[in-house]
Amino acid sequence: MAAQASIPIFTNLNELYQNLGTSLNHASVSPHSERWNNLTEEYVKRFGRKPTYIARAPGRVNLIGEHIDYALFGAFPAAIEQDILIACGPRDTSSVPGGVVADNLLAKYARQEFAPSIVPKDLGVPDEHVHVEGWHLDIDTKKLRWESYVKAGYYGVLNRYFTSKGALPVPVDLLFTGTVPAGSGLSSSAAMVVASTLAFLAVNGKLDDSSALTKGELVEMAMQNEKRVGVNSGGLDQAASVICTTSSALYVTFFPHLFAQLIPLPPGAVFVCANTLVVSDKVVHARTRYNLRVVETLVAARVLARRLGVKLQEEAGGKRERVTLRVVLGRWVGETEETELGAEQLKAALEKMVEKMELLKPDNADGEEGVTLETMIEWSGLSKEEFTETYLSWVDVEATYFQLYKRAKHVFQEAALVLKFREVCLHAASAPDVDGREELGALMNASHASCRDLCDCSCPELNELTQLALDAGAYGSRLTGAAWGGCTVSLVAEDKVDEFIKKVQQGYAPFRELEGDSLKEVIFATKPSSGACVYKFED
Ligand code: NG1
């Protein structure tokens, strides 16, 4: 299975470039070798010696399946060519153990220096048995700071490999460069966290032996790491950034555990990303947007379970189960460990469940089918204290009306669209006379409508750009990623890409004056790229 594979380590640059795949003409990346060489030369200038590794992690475009990964349903991303590269190497050993100097080729990201501090657990036992309670690195979860993603990547490595006092992390110099536009829904954050995690693993010698992490384990680690930045994300970005390959998209699910399947896309299908140029800052708006969606879907799951008569596991000590919509669905149709739902059964169960959504509608139509905090608590069957402890103590959210009905309906409908998308791709791959592009386009359009109307994560510019894309001949078009800005993704016939880009450029005012590289940066065709890897410099 794709998640069991090991993380590729290259010692030959030609092999590495081949693994990255070929760029389409429209892709906005400079030739691979130039970027990699330039990064290495800059590293030598800034740190006085060659790096020992370069870690690479790509961004991703999610083709379908938005805001459902944290409800543990599957999504369908593909890695893109745009990526984060980190040249790294140990600094001299007289430096603070584990200390980090992180520099960025982009001058607006100022150099950062930090070191983790150890919190010892038990000082009364001999040194080598002293276990480290944890590591501390200051991460400001209220502000967007580039080094937060570096620290997040470091945490997982520290907590997995440096838990006894005998072993200390080496001091490290890092130099970053990136082509994934920030705040654009193409997952620059996950690419930063995955690449940082890989860089710290590599420099500390944790990728070299047979016990090195698998791709799946790296995904799990990066998922935990990214939560430290203050966004309670699911795992789709990290999975795409780590597991994808050049020829396929990835069907990735999270229940009962991470499962990833590489799925070929139909021939002649090209996905074009167009950036609205509305920057959506996930961290700053987390309390009213992303994290609010996470809480709304979790509370919806509890209320739904109660109304459908689905059992919740409440522990004797008073701990309440924070059940997800995927788990409620499974229990509702009698799924057990032995009878895990296959794709067909899951699709049927989802369609049946969508019909039950009226159960989450309030009697009055205040707040567009939303409910106040008081009503939500009452519906949950918990006391105010229990509710706060279960749903609000670990996350900061704010709303006058909480939209349980709309969010749950979106999640179930969108999860079914993903399964249909996967089915069409598999069908097209097995029957060469089948052209699945019309069908895929229609599924993408349905997904955009659900994101816009039920998940409320679109914005006027995204709606305008998706409409322009359809008018310009796309089979389908939708927002991608967390949204409220960022990019659209459109399915376009390979031989129509240039014409399509021209039409969208003329239609979307912020693109009209752009040309050359500036235009390629905001609208570009992408082909699935390969996931994260490491280049090791040989002496
Ligand atoms: P982006 O587009 O990277 O902000 C976010 C989450 C995903 C997923 C999508 C919505 C992070 C790191 N990623 O993606 O897990 O929930 O939104 O489908 O927050």
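All values reported here derive from a predicted model rather than from experimental measurement. (Residues numbered from 1 in each chain as written. Predicted model: local features only at pLDDT ≥ 70, side-chain atom pairs only at ≥ 80, totals over all residues. Heavy atoms only, no water.)

Regarding the sheet that holds strand 15 (residues 533-536)
So, point 1. Overall, mixed pairing links the seven strands, which are arranged 1-15-2-3-8-4-5 in an open sheet. Each having just a single partner strand, strand 1 (9-10) and strand 5 (112-114) make up the two edges of the open sheet.
So, point 2. Relative to strand 3 (residues 76-90), strand 2 (residues 53-64) runs antiparallel, the two sharing 10 bridges. Each residue of the ladder has a partner; that of I54, found in strand 3, is A87. (Pairing = 2+ DSSP bridges. Helix = DSSP H or I, 4+ residues; strand = E, 2+ residues; numbered from the N terminus.)

Things to note about the UniProt feature "domain: Galactokinase N-terminal" (unreviewed entry) in the chain
So, point 1. Per the UniProt record, "domain: Galactokinase N-terminal" (unreviewed entry) is annotated on residues 41-90.
So, point 2. Each end of residues 41-90 is marked by a C-alpha atom, and these two atoms are 17 Å apart; helix forms 14% of the span and strand 54%. (UniProt positions renumbered as here; feature names shortened; annotations may be inferred.)

Let's talk about the pattern of salt bridges
A side chain of one charge can pair with a side chain of the opposite charge if their charged atoms are brought near each other.
So, point 1. Tallying each qualifying case throughout the model produces 30 salt bridges.
So, point 2. When the shortest N-O distance is used, the salt bridge between D103 and R46 registers 3.5 Å. Highlighted residues: D103 in strand 4 (residues 100-104) and R46 in helix 2 (residues 32-47), separated in sequence by 57 residues.
So, point 3. The class of D103 is buried, set by a relative accessible area of 7%.
So, point 4. Given a relative accessible area of 31%, R46 falls into the partly exposed group.
So, point 5. Here R437 makes a salt bridge to D435, at a shortest N to O gap of 2.9 Å.
So, point 6. Several salt bridges share partner residues, and in doing so they unite E42, K45, R46, D103 and R111 into one network. (Salt bridge = Lys/Arg side-chain N within 4 Å of Asp/Glu carboxyl O. Buried < 20%, exposed > 50% of the residue type's maximum accessible area, 1.4 Å probe, protein only.)

Considering the nonpolar core
So, point 1. If you look at the biggest cluster of nonpolar residues, it comprises 148 residues, and the most contacted ones within it are F73, F76, L174, F412 and F421.
So, point 2. Counting residues per element, this core draws most heavily on helix 12 (residues 404-430), at 13 residues.
So, point 3. Not counting chain neighbours up to four residues away, the residues in contact with F421 comprise L63, I64, F76, F271, L440, L443 and M444.
So, point 4. Counting residues in hydrophobic clusters, the runner-up holds 19 residues, among them V270, V497, Y508 and F511. (Core = buried A, V, L, I, M, F, W, Y, C linked by side-chain atoms within 4.5 Å. Contact = heavy atoms within 4.5 Å.)

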